Amino acid sequence: MANIERITLDVADPAAAHDFYRNAFGLDAQLRVRASEAPTTGFRGFTLSLTVAQPADVKALVGAALDAGATELKPVTKSIWGYGGVVQAPDGTIWKVATSAKKDSGPATRRFDDMVLLLGVADVAASKRFYRDQGFAVAKSFGGMYVEFASGPGPVKLALYRRRALAKDAGVSPEGTGSHRIAIGADLGPFTDPDGFAWEAASPALAS
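Residues numbered from 1 in each chain as written. Predicted model: local features only at pLDDT ≥ 70, side-chain atom pairs only at ≥ 80, totals over all residues. Heavy atoms only, no water.

1. Topic: the overall build of the protein chain
Counting its regular elements, the protein chain contains five helices and 15 strands. Compactness check: the protein chain gives a C-alpha radius of gyration of 16 Å against a globular reference of 17 Å for 208 residues, within 12% of the reference. Principal-axis analysis of the C-alpha atoms places the extent of the protein chain at approximately 40 × 40 × 35 Å. (Helix = DSSP H or I, 4+ residues; strand = E, 2+ residues; numbered from the N terminus. Rg over C-alpha atoms; globule rule 2.2 N^0.38 Å.)

Here you go:
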């Protein structure tokens, strides 16, 4: 089974980005940053999500992100799916923090259960076939709208969503040009997917 080892974000100020992600979400091994001035405007075509156990944890993580300098895109609120909120990091990356639980079961924490990379794609069915060919096993599929792949031992899950639907879920316009400002490190050879997302081979030294 294919496995994502890490996410690398291209940012203008790596030191500031590293401090933000440590202070906001406590991210380390799952996420790396590197310097880049690659042109990019508007929606970059992806979001990163942290799934947590209860609403109090959503509030704690979103609050920490806002305190660290994030911008609120969607306030923390209840929905038919559960509870969640969306913020944009100072480097421009969009993050959603969510839970399927409707009520708290304990004291608030800043722990998360899963980190999910959602790629906004032009053709969900075509991208689903592409990633199956790369070795990803489908866990959930909802027609041409959404696909979730089975989790490997790595720290990041992969899912596909229609680009416009993903932008709407994030609370932003779907329009955007230039670099995605992300590279996906996996136990696969390097390649670029049909929507221009770059995948890199994760060397043991970097994946540790």
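2. Some thoughts on the packing of aromatic side chains
This model, assessed by the stated rule, comprises 15 aromatic pairs. Plain terms: the ring middles of F20 and Y21 are 5.0 Å apart, the flat faces sit at 80 degrees to each other, and that makes the pair edge-to-face. An aromatic cluster is present here, built from F130, Y131, F136, F149, F191 and W199 joined pairwise through their rings. (Phe/Tyr/Trp six-rings, centres within 6.5 Å; stacked < 30°, edge-to-face > 60°.)

3. Let's talk about the nonpolar core
Ranked by size, the top nonpolar core spans 45 residues in total, and within it I7, Y21, F25, W95, L117, L119 and W199 carry the most contacts. Once residues lying within four places of it in the same chain are set aside, the contact partners of Y21 are L9, G26, L27, L31, V33, A89, D91, T93 and W95. Counting residues in each nonpolar core, the second largest holds 12 residues, with F43, Y161, L166 and A167 among its members. (Core = buried A, V, L, I, M, F, W, Y, C linked by side-chain atoms within 4.5 Å. Buried < 20%, exposed > 50% of the residue type's maximum accessible area, 1.4 Å probe, protein only. Contact = heavy atoms within 4.5 Å.)

4. So, the packing of helix α1 (residues 14–25) against helix α2 (residues 55–67)
Following both chains from N to C, one finds α1 and α2 inclined at 150 degrees, their axes separated by 8 Å at the closest point. As far as their axial angle goes, α2 and α1 are roughly antiparallel. Here the hand of the crossing between α1 and α2 comes out right-handed. Residue-level contacts link F20, N23, A24 and F25 of α1 to L61, A64 and A65 of α2. A breakdown of the residues in the contact of α1 with α2 according to their chemical character gives six nonpolar, one polar and no charged. (Axes fitted to C-alpha atoms, helices over the stretch in contact; angles between N-to-C directions. Parallel < 35°, antiparallel > 145°, perpendicular 65-115°, else oblique. Left-handed = near helix turned anticlockwise from the far one by under 90°. Nonpolar A, V, L, I, M, F, W, Y, C, P; charged D, E, K, R; others polar.)

5. Description of helix α3 (residues 124–133)
For α3, the complete set of buried residues consists of V124, S127 and Y131. Looking straight down α3, one finds that the buried residues subtend no more than 65 degrees of arc, so they occupy a single side. Residues of α3 that are exposed and angled more than 90 degrees away from the buried face: R129, R132 and D133. Where α3 is buried, its residues meet β8 (114–121), β10 (146–149), β11 (156–162), β14 (191–192) and β15 (198–201). Immediately beyond the C-terminal end of α3, within one or two residues, lies G135, with a positive phi of roughly 110 degrees. (Arc of directions from axis to C-beta.)

6. Focus on the confidence of the model for the protein chain
Here the protein chain shows a mean pLDDT of 93. Residues at 70 or above account for 97%. In this model residues 204–208 is a low-confidence stretch, pLDDT under 50, and it forms seven contacts with partners more than four residues away in sequence or in other chains. (pLDDT = per-residue confidence, 0-100.)

7. A short note on the pairing of strand β4 (residues 46–51)
For a regular strand, side-chain orientation follows a simple rule: the groups alternate between the two sheet faces. Of all six residues in β4, five are buried; the element is thus mostly enclosed. Looking at chain direction, β4 and β8 are connected through six bridges and run antiparallel. The partner of F46 across the bridge, within β8, is L119. Pairing geometry for β4 and strand β7 (residues 94–99), over four bridges, is parallel. Pairing of T51 across the sheet is with A98, part of β7. (Pairing = 2+ DSSP bridges.)

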